[in-house]
Amino acid sequence: MISKNPKLKGIFARWLAINYANNAVLGIRRAVDTDRRAVSLVNLLREMIANPEMITRTVVCLPIYFEYLMRRRRHRQGKEFENLKLNELLEFYTAISAPGSDYLDVRLIQRDLNLVQRKAKNVERFATKRIAHYDEVPPLRVTYSEIDEALDALDSLMSKYFKLFDL
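Residues numbered from 1 in each chain as written. Predicted model: local features only at pLDDT ≥ 70, side-chain atom pairs only at ≥ 80, totals over all residues. Heavy atoms only, no water.

Remarks on the overall build of the protein chain
Part 1: The secondary structure content of the protein chain amounts to six helices and zero strands.
Part 2: Overall, the protein chain shows an N-to-C arrangement of helices and strands of α-α-α-α-α-α.
Part 3: Taking all 167 residues of the protein chain together, 32% fall into the buried category.
Part 4: In the protein chain, the proportion of contacts linking residues at least 24 apart, taken out of those at least 6 apart, comes to 66%. (Helix = DSSP H or I, 4+ residues; strand = E, 2+ residues; numbered from the N terminus. Buried < 20%, exposed > 50% of the residue type's maximum accessible area, 1.4 Å probe, protein only. Contact = heavy atoms within 4.5 Å.)

Pasting the structure below:
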(Lines give C-alpha, C1' and ligand atoms only; values in the text may rest on other atoms or scores of the structure.)
Protein backbone atom coordinates (compact mmCIF):
# COMPACT_ATOMS: atom_id res chain seq x y z
CA MET A 1 0.00 0.00 0.00
CA ILE A 2 2.77 2.40 0.93
CA SER A 3 4.99 1.63 -2.06
CA LYS A 4 2.10 2.01 -4.55
CA ASN A 5 0.88 5.33 -3.17
CA PRO A 6 3.13 8.26 -4.21
CA LYS A 7 1.55 10.48 -1.56
CA LEU A 8 2.81 8.20 1.21
CA LYS A 9 6.52 8.91 1.17
CA GLY A 10 8.97 10.09 3.72
CA ILE A 11 9.76 9.28 7.30
CA PHE A 12 6.15 8.65 8.39
CA ALA A 13 5.59 6.06 5.67
CA ARG A 14 8.89 4.39 6.54
CA TRP A 15 7.91 4.37 10.22
CA LEU A 16 4.56 2.72 9.35
CA ALA A 17 6.26 0.03 7.27
CA ILE A 18 8.84 -0.74 9.96
CA ASN A 19 6.23 -0.92 12.71
CA TYR A 20 3.96 -3.16 10.64
CA ALA A 21 6.84 -5.55 9.97
CA ASN A 22 8.07 -5.52 13.58
CA ASN A 23 4.63 -6.15 15.06
CA ALA A 24 3.79 -8.85 12.53
CA VAL A 25 7.04 -10.79 13.02
CA LEU A 26 6.77 -10.59 16.82
CA GLY A 27 3.20 -11.91 16.65
CA ILE A 28 4.35 -14.75 14.42
CA ARG A 29 7.22 -15.47 16.80
CA ARG A 30 4.75 -15.70 19.71
CA ALA A 31 2.50 -18.10 17.79
CA VAL A 32 5.36 -20.49 16.95
CA ASP A 33 7.16 -20.27 20.30
CA THR A 34 8.20 -23.75 21.41
CA ASP A 35 9.17 -22.89 24.98
CA ARG A 36 7.06 -25.23 27.11
CA ARG A 37 5.99 -22.29 29.31
CA ALA A 38 4.64 -20.33 26.33
CA VAL A 39 1.01 -20.27 25.31
CA SER A 40 1.31 -20.68 21.55
CA LEU A 41 -0.39 -22.33 18.60
CA VAL A 42 2.60 -24.60 18.10
CA ASN A 43 2.47 -25.80 21.71
CA LEU A 44 -1.27 -26.43 21.42
CA LEU A 45 -0.73 -28.55 18.30
CA ARG A 46 2.09 -30.45 20.01
CA GLU A 47 -0.16 -31.18 23.00
CA MET A 48 -2.90 -32.39 20.69
CA ILE A 49 -0.44 -34.74 18.96
CA ALA A 50 0.87 -36.03 22.29
CA ASN A 51 -2.65 -36.51 23.70
CA PRO A 52 -5.09 -37.28 20.86
CA GLU A 53 -7.56 -38.81 23.30
CA MET A 54 -8.16 -35.48 25.08
CA ILE A 55 -10.54 -34.06 22.46
CA THR A 56 -12.71 -36.95 21.33
CA ARG A 57 -15.19 -37.02 18.49
CA THR A 58 -17.96 -37.66 21.01
CA VAL A 59 -17.13 -34.59 23.09
CA VAL A 60 -16.90 -32.35 20.02
CA CYS A 61 -19.90 -33.61 18.05
CA LEU A 62 -22.42 -34.38 20.79
CA PRO A 63 -23.31 -30.71 21.50
CA ILE A 64 -23.99 -30.16 17.79
CA TYR A 65 -26.29 -33.16 17.71
CA PHE A 66 -28.19 -31.88 20.76
CA GLU A 67 -28.52 -28.45 19.16
CA TYR A 68 -29.94 -30.11 16.05
CA LEU A 69 -32.49 -32.04 18.16
CA MET A 70 -33.54 -28.85 19.96
CA ARG A 71 -34.07 -27.06 16.64
CA ARG A 72 -36.18 -29.94 15.37
CA ARG A 73 -38.20 -29.92 18.57
CA ARG A 74 -38.95 -26.24 18.03
CA HIS A 75 -39.95 -27.01 14.41
CA ARG A 76 -37.00 -25.19 12.96
CA GLN A 77 -34.94 -27.19 10.56
CA GLY A 78 -31.26 -27.16 11.38
CA LYS A 79 -30.03 -30.01 9.20
CA GLU A 80 -27.93 -27.78 6.93
CA PHE A 81 -26.27 -26.19 9.96
CA GLU A 82 -25.67 -29.57 11.55
CA ASN A 83 -24.16 -31.09 8.41
CA LEU A 84 -21.89 -28.11 7.75
CA LYS A 85 -20.57 -27.87 11.28
CA LEU A 86 -20.18 -31.64 11.69
CA ASN A 87 -18.30 -31.95 8.40
CA GLU A 88 -15.91 -29.21 9.46
CA LEU A 89 -15.23 -30.96 12.76
CA LEU A 90 -15.05 -34.51 11.47
CA GLU A 91 -11.98 -33.67 9.41
CA PHE A 92 -10.00 -33.85 12.65
CA TYR A 93 -11.02 -37.49 13.10
CA THR A 94 -10.56 -38.94 9.61
CA ALA A 95 -7.78 -41.34 10.41
CA ILE A 96 -7.11 -43.71 7.50
CA SER A 97 -5.59 -46.31 9.80
CA ALA A 98 -8.59 -46.26 12.14
CA PRO A 99 -11.78 -45.13 10.38
CA GLY A 100 -14.39 -43.94 12.83
CA SER A 101 -11.81 -43.43 15.55
CA ASP A 102 -12.94 -41.29 18.44
CA TYR A 103 -9.44 -39.79 18.77
CA LEU A 104 -7.84 -36.96 16.85
CA ASP A 105 -5.98 -37.84 13.68
CA VAL A 106 -2.46 -36.84 14.72
CA ARG A 107 -1.15 -37.06 11.15
CA LEU A 108 -3.38 -34.18 10.09
CA ILE A 109 -2.32 -32.11 13.08
CA GLN A 110 1.36 -32.91 12.41
CA ARG A 111 0.92 -31.76 8.81
CA ASP A 112 -0.53 -28.45 10.04
CA LEU A 113 2.28 -28.07 12.59
CA ASN A 114 4.90 -28.66 9.89
CA LEU A 115 3.23 -26.14 7.60
CA VAL A 116 3.17 -23.31 10.13
CA GLN A 117 6.73 -24.00 11.29
CA ARG A 118 8.00 -24.07 7.70
CA LYS A 119 6.23 -20.82 6.77
CA ALA A 120 7.35 -19.03 9.95
CA LYS A 121 10.95 -20.29 10.13
CA ASN A 122 12.75 -17.28 8.59
CA VAL A 123 10.34 -14.79 10.11
CA GLU A 124 10.78 -16.25 13.60
CA ARG A 125 14.57 -16.25 13.26
CA PHE A 126 14.50 -12.61 12.14
CA ALA A 127 12.26 -11.64 15.07
CA THR A 128 14.52 -13.37 17.58
CA LYS A 129 17.87 -12.16 16.24
CA ARG A 130 16.97 -8.65 15.13
CA ILE A 131 14.00 -7.41 17.14
CA ALA A 132 13.87 -9.34 20.41
CA HIS A 133 17.62 -9.52 21.05
CA TYR A 134 19.25 -7.35 18.37
CA ASP A 135 22.23 -9.60 17.77
CA GLU A 136 25.41 -8.00 16.46
CA VAL A 137 25.39 -10.36 13.51
CA PRO A 138 22.14 -9.56 11.74
CA PRO A 139 20.04 -12.38 10.29
CA LEU A 140 19.06 -12.44 6.66
CA ARG A 141 16.39 -9.91 5.94
CA VAL A 142 12.82 -11.10 5.89
CA THR A 143 10.53 -10.09 3.03
CA TYR A 144 6.97 -8.87 3.22
CA SER A 145 5.89 -11.90 1.21
CA GLU A 146 7.44 -14.21 3.84
CA ILE A 147 5.60 -12.30 6.56
CA ASP A 148 2.35 -12.49 4.60
CA GLU A 149 2.73 -16.24 3.94
CA ALA A 150 3.37 -16.93 7.62
CA LEU A 151 0.39 -14.76 8.63
CA ASP A 152 -1.84 -16.51 6.08
CA ALA A 153 -0.80 -19.95 7.38
CA LEU A 154 -1.43 -18.89 10.98
CA ASP A 155 -4.78 -17.33 10.12
CA SER A 156 -5.90 -20.47 8.32
CA LEU A 157 -4.87 -22.77 11.16
CA MET A 158 -6.31 -20.54 13.88
CA SER A 159 -9.67 -20.55 12.07
CA LYS A 160 -9.49 -24.30 11.63
CA TYR A 161 -8.62 -25.14 15.23
CA PHE A 162 -11.03 -22.63 16.79
CA LYS A 163 -13.79 -24.85 15.41
CA LEU A 164 -12.81 -27.54 17.88
CA PHE A 165 -13.20 -25.20 20.82
CA ASP A 166 -16.26 -23.27 19.64
CA LEU A 167 -18.83 -25.51 21.34
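Okay, back to it.
Observations concerning the nonpolar core
It is characteristic of soluble globular proteins that their nonpolar side chains tend to be buried jointly.
Part 1: Counting residues in each nonpolar core, the largest one holds 31 residues, and the members touching the most others are Met-48, Leu-104, Ile-147, Tyr-161 and Leu-164.
Part 2: Looking at this core, the elements with two or more residues in it are helix H1 (11–31), helix H2 (41–50), helix H3 (57–73), helix H5 (106–132) and helix H6 (144–165).
Part 3: When residues of this core are assigned to their parent elements, the largest contribution, seven residues, is made by H5.
Part 4: Sequence-distant contacts of Leu-164, that is, excluding residues within four places in its chain, are made with Met-48, Ile-55, Val-60, Leu-89, Phe-92, Tyr-93 and Leu-104. (Core = buried A, V, L, I, M, F, W, Y, C linked by side-chain atoms within 4.5 Å.)

Looking at the pattern of salt bridges
Part 1: Tallying each qualifying case throughout the model produces four salt bridges.
Part 2: Here Lys-160 ties to Asp-112 by a salt bridge, and the two come within 2.7 Å at their closest N and O atoms. Of this pair, Lys-160 sits in helix H6 while Asp-112 sits in helix H5, and the two are 48 residues apart along the sequence.
Part 3: On the basis of relative accessible area, Lys-160 is assigned to the buried category, the value being 13%.
Part 4: Taking relative accessible area as the criterion, Asp-112 reaches 5% and is therefore assigned buried.
Part 5: Of the charged contacts, one joins Glu-149 and Lys-119 as a salt bridge, the two residues approaching to 3.5 Å between their closest N and O atoms. Placement of Glu-149 in helix H6 and of Lys-119 in helix H5 is noted, with a sequence separation of 30 residues between them.
Part 6: On the basis of relative accessibility, which here comes to 41%, the residue Glu-149 falls in the partly exposed class. (Salt bridge = Lys/Arg side-chain N within 4 Å of Asp/Glu carboxyl O.)

A short note on a nonpolar patch on the surface
Part 1: A contiguous nonpolar surface patch, about 470 Å² in accessible area, is contributed by Ile-11, Phe-12, Trp-15 and Leu-16.
Part 2: Tracing the backbone through its elements, the reader meets Trp-15 in helix H1. (Patch = residues over 30% accessible without salt bridge, like charges linked within 9 Å, V, L, I, M, F, W, Y side chains within 5 Å. Areas by Shrake-Rupley, 256 points an atom, 1.4 Å probe, with all protein chains shown as cover.)

With respect to H1
Part 1: If you check H1, its first and last C-alpha atoms are 30 Å apart, about what 21 residues at 1.5 Å a residue would give, namely 30 Å.
Part 2: Buried residues of H1: Ala-13, Ala-17, Ala-21, Ala-24, Val-25, Ile-28 and Ala-31, and no others. Seen from one end, H1 has its buried residues packed into an arc of 120°, which puts them on one side. Of the exposed residues in H1, the ones pointing more than 90 degrees away from its buried face are Ile-11, Phe-12, Trp-15, Asn-23 and Arg-30. (Expected span 1.5 Å × (residues − 1). Arc of directions from axis to C-beta.)

Quick notes on the packing of H2 against H6
Part 1: Contact pair H2 / H6: the axes reach a minimum separation of 12 Å and the direction vectors enclose 50°. Here H2 lies oblique to H6, going by the angle between them. Judged by the sense of rotation from one axis to the other, the crossing of H2 with H6 is left-handed. For the pair formed by H2 and H6, the contact residues are Leu-41, Leu-44, Leu-45 and Met-48 on the first element and Leu-154, Leu-157, Met-158, Tyr-161, Leu-164 and Phe-165 on the second. (Axes fitted to C-alpha atoms, helices over the stretch in contact; angles between N-to-C directions. Parallel < 35°, antiparallel > 145°, perpendicular 65-115°, else oblique. Left-handed = near helix turned anticlockwise from the far one by under 90°.)

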